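Analysis of the macromolecular model
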Amino acid sequence: MNPTPSGRPREGVIFLHGISRSFRSFIKMQQAVEAAGFATRNIGYPSRRKTLSALADDIHPAIAPFAEANEGCTHFVCHSMGGLLARVYLARHRPSRLGRVVMLGTPNGGSEIADLFKNWLPYRQYFGPAGQQLVTMRDDVTEAMLPPVDYPVGIIAGDRTLDPIASRLMLRGPNDGRVTVARTKLEGMTDHLVIHASHATMIRNREAIMQTIAFLQDGQFRR
C-alpha cells in the first residue's frame, strides 16, 4: 500500500501460519499481498510448544507496533490453527483499527483427527499443548478464549485431500484431508468459499491467493 503523506502505510496485513509450520509457508501469499499494495508482517511463533492463550501473548509484541504504524486498518490472514490463534489474540489484544480476517482451512469447529489422536503419546509430544485444543469438543477454558466474532471474517475451505485414508475413515463430508468444510465455518462469518485444494497446499494455491486479496480489498470473495 502506498504511504500516505504522513509516510505511514495505509493498511497492513498480519500473517499467522498453522501448527507445525513456519512463516516460510506464507511467503508466496505474502509477496502477492504486498504486490497488491499492503504492508505485511509475517510472524513465526512456536506453535507446538504452548497453548493458544500463551501464544497470543507471545505474538503481541510483534503485532502491536506494526498495527500502530499503519495509517489505516490492520488485517489478518491465517492458515489452519493460525485462525484460532487470531481469534484468541483479537479477543485479548484487538487493534484499535482492526480490518478484515481471512482464515484458510481453520478448524473453527475442531477436527475429528485431533479427537482420535489427542490421547496418543506421539501426537501429544509432537503437536504439544495447542494440539490438544484442536478437538471438536473443547473444554470451557478454550471455549471462553474463542468468543463470537464481531469483525469481518472470510473463510476459505478446501475439498481436496492428499491423505485418502484419513479423509475416508475419520472425516465425514468434503474435507481437505485435515478439516471438513463444515467445521471451517463460523457463526457470524461474512463469507465462505470452497476451493479444490488440500490443507497443506491451499496457502500456495493461486485461487486462494487471489480470493484472499479480494476479501482484503472488498470484504467478499469473487464468484
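Scroll up for the structure.
Presented here is a report on the structure given in the accompanying data block. Quick caveat: nothing in here was measured; it's all calculated off a predicted structure.

1. Thoughts on the pattern of salt bridges
Throughout the structure, instances matching the rule amount to 6 salt bridges. A salt bridge links Arg222 to Asp218, with the shortest nitrogen-to-oxygen separation between them at 3.1 Å. A residue is classified by how much of its surface remains accessible, and Arg222, at 41% relative accessible area, is partly exposed. Residue Asp218 is classed as partly exposed on the basis of its relative accessible area, which comes to 44%.

2. Here's the deal with the environment of Met137
Among the structural elements, Met137 can be located in the loop between α5 (121–131) and α6 (140–144). Separated by 92 residues in the primary sequence, Met137 and Tyr45 have C-alpha atoms spaced 25 Å apart.

3. Focus: the pairing of strand β4 (residues 98–104)
The two faces of a sheet get side chains in turn, since along a regular strand they alternate between them. Extensive coverage of β4 is indicated by the burial of 6 of its 7 residues. In the sheet, strand β3 (residues 74–79) pairs with β4 via 5 bridges, with the strands oriented parallel. Pairing of Phe76 across the sheet is with Val101, part of β4. With 4 bridges joining them, β4 and strand β5 (residues 153–158) adopt parallel strand pairing. Each residue of the ladder has a partner; that of Leu104, found in β5, is Ile156.

4. Examining the sheet that holds strand β2 (residues 39–43)
Pairing in this open sheet of 6 strands is parallel, and the strands run β2-β1-β3-β4-β5-β6 from one edge to the other. At either end of the open sheet lies a strand with only one pairing partner, and these are β2 and β6 (191–195). Taken over all neighbouring pairs, the strand axes of this sheet differ in orientation by 15° on average, direction set aside. Relative to β6, β5 runs parallel, the two sharing 5 bridges. Paired with Ile155 across the strands is His192, a residue of β6. Against the sheet, helix α1 (residues 27–35) contacts β1 (12–16), β2, β3 and β4, and its axis sits at roughly 165° relative to β2. This element, helix α2 (residues 52–69), spans β1, β2 and β3 of the sheet and lies at about 175° to β2.

Here is what the cut-offs are and how they apply
- Residues numbered from 1 in each chain as written.
- Predicted model: local features only at pLDDT ≥ 70, side-chain atom pairs only at ≥ 80, totals over all residues.
- Heavy atoms only, no water.
- Salt bridge = Lys/Arg side-chain N within 4 Å of Asp/Glu carboxyl O.
- Buried < 20%, exposed > 50% of the residue type's maximum accessible area, 1.4 Å probe, protein only.
- Helix = DSSP H or I, 4+ residues; strand = E, 2+ residues; numbered from the N terminus.
- Pairing = 2+ DSSP bridges.
- Axes fitted to C-alpha atoms, helices over the stretch in contact; angles between N-to-C directions.
- Contact = heavy atoms within 4.5 Å.

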